[in-house]
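Coordinates in review
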Amino acid sequence: MARVSVKTFSVIRDAIGAGVIEIDVENPETVGGLFDAMVQKYGKPFKEKIWDPDTGEISPFLIRLNDEIIRSTVDLDKKISDGDKISLIIPVGGG
Amino acid sequence: MAFKYGGYMGQMLRINLTDKGISKEPLREDWARDFVGGAGLAARIIYEEVKPKIDPLGPENKIVIMTAPLNGTMIPAASRTALCAKSPYTGSFFHSIFGGFLGPEIKFAGYDGVIIEGSADTPVYIWIDDGSVQIRDASHLWGKEPFEAQDILREEIGDEEIHIATIGQAGEEKAPYAMILCDIRAAGRGGMGAVMGSKNLKAIAVRGTGGVTVPNILKVYNTAQRLNQLISTNPAVKGLSEYGTPRMVNALNEGGILPTRNWQTEVFVGMKEITGEVMKEKVVKGHRACFGCSINCTKYSVVSSGPYKSVINGADFETIYGFGSICEIDNIEAMCKADELCDYYGIDIISTSLTISWAMECYEAGIFTKKDTEGIELKFGNTDAMLLMIEKIGKQEGLGALLAKGTREASRIVGKDSIRFAVQNKGMEFPGHSCRPFPAAAVGYATGPRGASHHDIRPTPEKIGLVDRLTLEGKGALAAEINHWLILCDSMALCHLAEPIWGPMKISDSVVEALNVVTGQELGYEEVRKIAERQWNMIRCFSAREGFTRDDDQLPHRFTEEPIPEGPMKGSVISKETLERLKDDYYAYRGWDIKTGNPTEEKLIELGLDFAVKDVC
Ligand code: SF4
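Notes on the structure in this doc start here.

Scoring rules and cut-offs
- Residues numbered from 1 in each chain as written.
- Chains lettered and ligands numbered in written order.
- Predicted model: local features only at pLDDT ≥ 70, side-chain atom pairs only at ≥ 80, totals over all residues.
- Heavy atoms only, no water.
- Helix = DSSP H or I, 4+ residues; strand = E, 2+ residues; numbered from the N terminus.
- Rg over C-alpha atoms; globule rule 2.2 N^0.38 Å.
- Contact = heavy atoms within 4.5 Å.
- Areas by Shrake-Rupley, 256 points an atom, 1.4 Å probe, with all protein chains shown as cover.
- Lys, Arg positive; Asp, Glu negative; His and termini not counted.
- Charge placed at Lys NZ, Arg CZ, Asp CG, Glu CD.
- Patch = residues over 30% accessible without salt bridge, like charges linked within 9 Å, V, L, I, M, F, W, Y side chains within 5 Å.
- Salt bridge = Lys/Arg side-chain N within 4 Å of Asp/Glu carboxyl O.
- Pairing = 2+ DSSP bridges.
- Axes fitted to C-alpha atoms, helices over the stretch in contact; angles between N-to-C directions.
- Buried < 20%, exposed > 50% of the residue type's maximum accessible area, 1.4 Å probe, protein only.
- Buried area = accessible area lost by both parts, 1.4 Å probe.
- Polar contact = N/O pair within 3.5 Å; in protein donor to acceptor, adjacent residues only side chain to side chain.
- Nonpolar A, V, L, I, M, F, W, Y, C, P; charged D, E, K, R; others polar.
- Near = heavy atom within 4 Å.
- Domains from an automatic or database assignment.

Moving on to the overall build of chain A. Broken down by element type, chain A carries two helices and five strands. Written out in order from the N terminus, the α and β elements of chain A read β-α-β-α-β-β-β. Against the compact-globule benchmark of 12 Å for 95 residues, chain A has a radius of gyration of 12 Å, which places it among compact chains. Principal-axis analysis of the C-alpha atoms gives chain A an extent of 35 × 25 × 25 Å. If you take every contact in chain A between residues at least 6 apart in sequence, the share linking residues at least 24 apart comes to 48%. Here chain A has roughly 4400 Å² of accessible surface; of this, 45% comes from carbon and sulfur atoms. For chain A, the distance from the average site of its 12 positive side-chain charges to the average site of its 16 negative ones is 5 Å.

Following this line, the structure appears as structure tokens:
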């Protein structure tokens, strides 16, 4: 099991009610597994910000995994470990 | 007889300020078909009517305010209107796109666009009241700040509901980056305010009581409903309603792409104090929307007391970037004050803030001394110094007179290392959207007809991971297709802030649908894409006729020679060799001449722009 800290912003932060959370991830200990754990914990308000309800596809956004920038669209299988710091950099269009 | 296509009024208004001539003329059907409206159609008109190499601040320049078929309909976020002219700031065609209500009101008054030519001997304003059009004396408005001038006009005309575009003191004095205030938004960039000022034109006031006809109102209603649904459920757009455009400040900083300290870095330690969340908590008192927009991105903010007492429509992200991280100021109230001062004098927020940060860097490098700044400690992070410099720029006083010229011109005059500190392309200072980690954005900025405009290119597909940001492969094509959805939206009145709905990689099917339901055409995707390509080439032809070539498609030294020094994007840079390779790729994809970077005869003929062959090939 990996205990990781997750930082969120804007509408994602509003959906889960906190800017930084600690969460346990297991089976699998991956970025995708983290999202599953977050859906379990925060339910629909979080899920609808991350997955397109019509297509069921994950929204495209960047994720900061410690000091590395990865992508939601291709890096869901990326391993995470105990103590990792993860930021969901979503969404950053517009402006 | 009704116009062939729906959404159009079928009529242009021409006003000559030299001889006071006012005429109404039919809108050309072929131009509406081939260029749609807004920026695209204005580019065609200006190419035709404005002679090459004229002085942008002379009477030969023309202002074309061009609406679009969607303006004034129920299609959401279709509030935008194009204010176009040859720019005194970049020297080429410029489309300054503004929201608010003026564009729809021009249509309700019965016109698709207004062409303003010549120059008045004394200050005037234009009053368009449906079919009645007058050029009126504005000597009592000259010297007044834009909002005061608008209040006077509303009282004088006796109608609270009129919509007005106004210049401030900077526009009157033809300051190169003077802007035009249009209701709650502005035609901010490219010195369009200076062009108005050069014509002695203080304001344009409009009242229209008509409506816009579409071929099938039910179809338009259904499309509008569907688009509103998309807007209300898209998380990227939703954040705009809640926090305005500053919703992304903290996410950008976390990603290591929040431009800071005149772009010396892209991580700002003071970020926590200038986020959309802090703004909402401390100063936002309400939301405002442009005509028919369900997004409400514009915030109404009040600082009720203290040194930064102010009332603004904003702040937008560009204010937070420019007067926040770029100048290393971490005080949201000071940002509101800075925004208010820019409106007061009528100067563009991005160019003003970047010019001040350039001066801060010059000061810290010893290029400017206290003698130059008249005792002001012009260092990064000095809030009061920043606000004082805005006032000096607005009044063109002391060092402000130099800074009012913008970073390109000011650095040419000052010389030394200051040239390396100027973060501009074609004279336009960069907006707050990073490109060192994003090759498509980088080549888009470099080749952009307006110089550094985030409305000619968007880094979004690379920024949110829709494509691999690191590869150079296919980035010329990506940049070109982003150009296309942007210019098409600028020609259809669609606001770029609904980017996930209209783009973000290429023109979306929703854009095609919106154009077809309003105009009653049945255009296929490729036909619509071709229109956008024609518009982009038209604008490039204007630049080419003025003498622009691939050599003008550049990035600042800072982006080609100085990698981002810290954070998760550390090391990102677009070297000169990489940029030249990206330009080759971009021109090749466009079918342009790789050597000159300009359209070829074959491409122009293919797009029906044969008339430009003699000028640019
Ligand atoms: S998103 Fe904002 S700027 Fe764009 S039309 Fe709507 S309110 Fe105006």
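Judged by side-chain charge, Glu148(B), Asp151(B), Glu155(B), Glu160(B) and Glu161(B) come together as a negatively charged surface patch. Along the chain, the position of Glu155(B) falls in helix H4 (residues 146–157).

Turning our eyes to something else, we now look at the sheet that holds strand E3 (residues 63–66) of chain B. Residues and elements named next belong to chain B. Ordered in space as E2-E1-E6-E3-E4-E5, the six strands form an open sheet in which the pairing is mixed. Edge strands, defined here as strands with exactly one partner in the open sheet, are strand E2 (22–26) and strand E5 (93–98). Recorded for the sheet is a direction-independent mean angle of 20° between the axes of neighbouring strands. Note that E3 and strand E4 (residues 81–86) share three bridges and pair antiparallel. Residue pairing for E4: Val 64 is matched across the bridge by Cys 84.

A few words on a nonpolar patch on the surface. Residues Met74(B), Ile217(B), Leu218(B) and Tyr221(B) make up a contiguous nonpolar surface patch of about 410 Å² in total accessible area. Structurally, the position occupied by Ile217(B) is in helix H7 (residues 217–233).

Before going further, it helps to spend a moment on the side chain of Gln150(B). With respect to the secondary-structure elements, Gln150(B) resides in helix H4. Setting aside residues up to four positions removed in sequence, Gln150(B) forms contacts with Ile164(B), Thr166(B), Leu181(B) and Asp183(B).

As a further point, take the pattern of salt bridges. All names here are of chain B. Following the criterion strictly, the structure yields 54 salt bridges over all chains and no others. In this structure, Arg 14 engages Glu 25 in a salt bridge whose closest nitrogen and oxygen atoms are separated by 2.9 Å. In this pair, Arg 14 sits in strand E1 (residues 11–16) while Glu 25 sits in strand E2, placing the two residues eleven residues apart along the sequence. Judged by relative accessible area, which is 14%, Arg 14 ranks as buried.

Here the focus is the interface of chain A and chain B. Contact residues are listed per partner, giving 22 residues for chain A and 31 residues for chain B. Interface area, chain A with chain B, both sides summed: about 2400 Å², of which 59% is carbon and sulfur. At the surface where chain A touches chain B, the tally comes to one salt bridge. Residue Glu254(B) is joined to Lys7(A) by a salt bridge in which the shortest nitrogen-to-oxygen separation is 3.1 Å. The interface formed by chain A and chain B includes eight residue pairs in polar contact (both at pLDDT 80 or more). Of all the secondary-structure elements, those providing two or more residues to the side of chain A that touches chain B are helix H1 (10–16), strand E3 (62–65), strand E4 (68–71) and strand E5 (85–89) of chain A. Element by element, the count of residues in the side of chain A that touches chain B is highest for H1(A), at four residues. Considering only residue class, the side of chain A that touches chain B consists of nine nonpolar, six polar and seven charged.

A word on the site of the ligand. Residue and element names in this part refer to chain B. Contacts to the ligand come from Ser 79, Arg 80, Arg 185, Ala 289, Cys 290, Cys 293, Ile 295, Cys 297, Cys 495 and Leu 497. Broken down by class, the residue content of the shell around the ligand amounts to seven nonpolar, one polar and two charged. Each of domain 1 (11–207) and domain 2 (244–428) contributes no fewer than three residues to the shell around the ligand.

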